[in-house]
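Residues per chain, in single letters:
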Amino acid sequence: MADDGGFTNVNVTLGNGKLVSVQVSPELFGHFTSSDPDLNQLAKQLIIQAAMEKDSEAECEELPDIPTVPQTPENSPKPTPSGIFTYEQTIFLISAYKERKEKFLSPTHKKKALWLEITEELNKCFKTEFTVAQVEGRWKTQLSAYKRHQTDQAKSGNERKEFLYEEEFQDIFSDRHDINPKFVVSSLSSSSDSGSFTQDEPCTSSSSGEPAGYAYLCHLPPEIICKILTYIPIPELYHSVSKVCSSMNCLFKSGLVWNSITDLNFFNEGMKDIFTVEFLKLFENCVNLTIDATLLQDCDFLGSFKNLKCLDIRGSKNENICNENIVKNLSKCRSMEKLFISSLPNLSDDGLLSLSKEMGGTLKYLQIRNSAEIRPETFQVLMKNLKCIKAISVTPSGDYEKWAKVLNENAVRCSFGHEILDFVPK
């Protein structure tokens, strides 16, 4: 091997016994001498290919883009064969992508046309002859290298390494958690409830303790894992999934999984078996809740659901339920928009009116079925308290004419359920 103007001559012995000398760029030679087996093997293949082409008197003008070993800008201006990108050319490519970032994300723009634009600008600026495939390949290679760099740096115990284009890529993808994750679940420590990043090891079976291989699910960003887990029934999450491995257990302890669940139905199979007030309070972001009135009457927890919009209470016609406690608990739901109450025979007019005062500023839909009958006088006060009501359905009783008068007064601002409409004569 000899140095020739920045390029290195490498002697290659071909299968036919011929000894061919090939000029190799500093970048490619760096891969050839790299300790990384993948880069080393790729460099060998490229050098052998160049030697075979030279032997057959074909000029080696285009080499495919290969992963780059970080180099200083001072070395970049040296002439390189077509297909090898310099530092300045790569910076130009990244900048051109950044200018078109929104277009790449938009379905109205074709990516093929955007890459063609970038290729033409790059060739015009540097007087090169790169193809669209080479330019796009260069981008994908550097993006993959950046992702690996970000993942490696997120793992505990790894020393700080430099990536030549780190600042440029961070400027583009700072808002992308799939590329710049806030946490990596595979790094969560089983000894920490807060989810500190101190561990990176294969998941193990909670029963046998034997290695079960790397759980690729655990390598995803936590928000994606949580989104996937929301499709699994809550009892299975509670009894099984949370105990699959130490990383998953730590994710559940952090509360991220429970906070991702917005729909709770305690009439689903197995839900009543795991009901406790402490467990229910974990679902801070609950939006839709369906619950048995017997679970609600003695528990003061609805106030902790700041995002609760829809509540479905079912009493199963149980006359022993204390409706006063339920009304008191409901009065703390100041952001409720939909309320469905069924089979609460002891629900009183006073309790309902008290509830309407507390929730009148936000409640839009109210349905009360198989419960106490409502007199027109109570309904009139109810409508005054419910300032945002759009639809209401109750079981009416009393004078037909009074009901007709109340309905006529509120017909413009609200729709009425069939129970009310069927009760009042046409």
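Residues numbered from 1 in each chain as written. Predicted model: local features only at pLDDT ≥ 70, side-chain atom pairs only at ≥ 80, totals over all residues. Heavy atoms only, no water.

Moving on to the environment of leucine 363. Following the sequence through the fold, leucine 363 ends up in the loop between α15 (349-359) and β8 (365-369). On the basis of relative accessible area, leucine 363 is assigned to the buried category, the value being 3%. With 24 residues separating them along the chain, leucine 363 and lysine 387 place their C-alpha atoms 8.0 Å apart. Not counting chain neighbours up to four residues away, the residues in contact with leucine 363 comprise Met336, Glu337, Lys338, Leu339, Leu386, Cys388 and Ile389. (Helix = DSSP H or I, 4+ residues; strand = E, 2+ residues; numbered from the N terminus. Buried < 20%, exposed > 50% of the residue type's maximum accessible area, 1.4 Å probe, protein only. Contact = heavy atoms within 4.5 Å.)

This paragraph deals with the nonpolar core. Membership of the largest hydrophobic core comes to 65 residues, with the highest contact counts inside it found for Leu264, Leu289, Ile291, Leu302, Leu339, Phe379 and Ile392. For phenylalanine 379, the residues in contact, after removing those within four places along its chain, are Ile374, Ile392, Val394, Trp403, Val406, Leu407, Phe416 and Ile420. Core analysis: the second largest hydrophobic core is formed by 22 residues, Phe85, Ala96, Val135 and Trp139 among them. (Core = buried A, V, L, I, M, F, W, Y, C linked by side-chain atoms within 4.5 Å.)

With that out of the way, let us pick up the sheet that holds strand β5 (residues 288-292). Pairing between the strands of a sheet comes from backbone hydrogen bonds, and it takes one of two forms, parallel or antiparallel. In spatial order, the strands read β4-β5-β6-β7-β8-β9-β10; together these 7 strands make up an open sheet with parallel pairing. The outermost strands of the open sheet, each flanked by one partner alone, are β4 (263-265) and β10 (415-416). Examined bridge by bridge, β5 and strand β6 (residues 310-314) share 5 bridges and lie parallel to one another. Looking across to β6, one finds that aspartate 292 is bridged to arginine 314. (Pairing = 2+ DSSP bridges.)

Moving on, we get to the pattern of salt bridges. Note that side chains of opposite charge can pair when their charged atoms are close. If you walk through the whole model with that rule in mind, you get 9 salt bridges. Where arginine 375 meets aspartate 349, a salt bridge forms, and the shortest distance between an N and an O atom there is 3.2 Å. Taken together, the residues span a long stretch of sequence, with arginine 375 in the loop between β8 and α16 (376-385) and aspartate 349 in helix α15 at a distance of 26 residues. Bridged by salt links that share partners, the residues Glu99, Arg100, Glu117 and Glu121 form one connected network. (Salt bridge = Lys/Arg side-chain N within 4 Å of Asp/Glu carboxyl O.)

Per-residue pLDDT for the protein chain has a mean of 76; in total, 77% of the residues score no lower than 70. In the predicted structure, residues 57-70 sits below a pLDDT of 50 and forms 40 contacts with residues beyond four places in sequence or in another chain. The low-confidence segment residues 184-215 (pLDDT under 50) makes 65 contacts with residues lying over four places distant or belonging to another chain. (pLDDT = per-residue confidence, 0-100.)

This paragraph deals with the packing of helix α3 (residues 87-99) against helix α7 (residues 166-173). Packing of α3 against α7 leaves a shortest axis separation of 10 Å and a crossing angle of 5°. Between α3 and α7, the angle falls in the class roughly parallel. Here α3 contributes Ile91, Ile94, Tyr97 and Lys98 to the contact with α7, which in turn contributes Glu168, Phe169, Asp171, Ile172 and Phe173. When the residues that make up the contact of α3 with α7 are grouped by side-chain class, the tally is 6 nonpolar, no polar and 3 charged. (Axes fitted to C-alpha atoms, helices over the stretch in contact; angles between N-to-C directions. Parallel < 35°, antiparallel > 145°, perpendicular 65-115°, else oblique. Nonpolar A, V, L, I, M, F, W, Y, C, P; charged D, E, K, R; others polar.)

Quick look at the pairing of strand β7 (residues 338-342) now. Pairing geometry for β6 and β7, over 5 bridges, is parallel. Note that in β7 the partner of isoleucine 313 across the bridge is isoleucine 341. With 5 bridges connecting them, β7 and β8 associate as parallel partners. Residue pairing across strands places isoleucine 341 opposite isoleucine 368, the latter belonging to β8. For the segment spanning β7, α15 and β8, crossover handedness is right-handed. (Right-handed = clockwise from strand over helix to strand, strands pointing away.)

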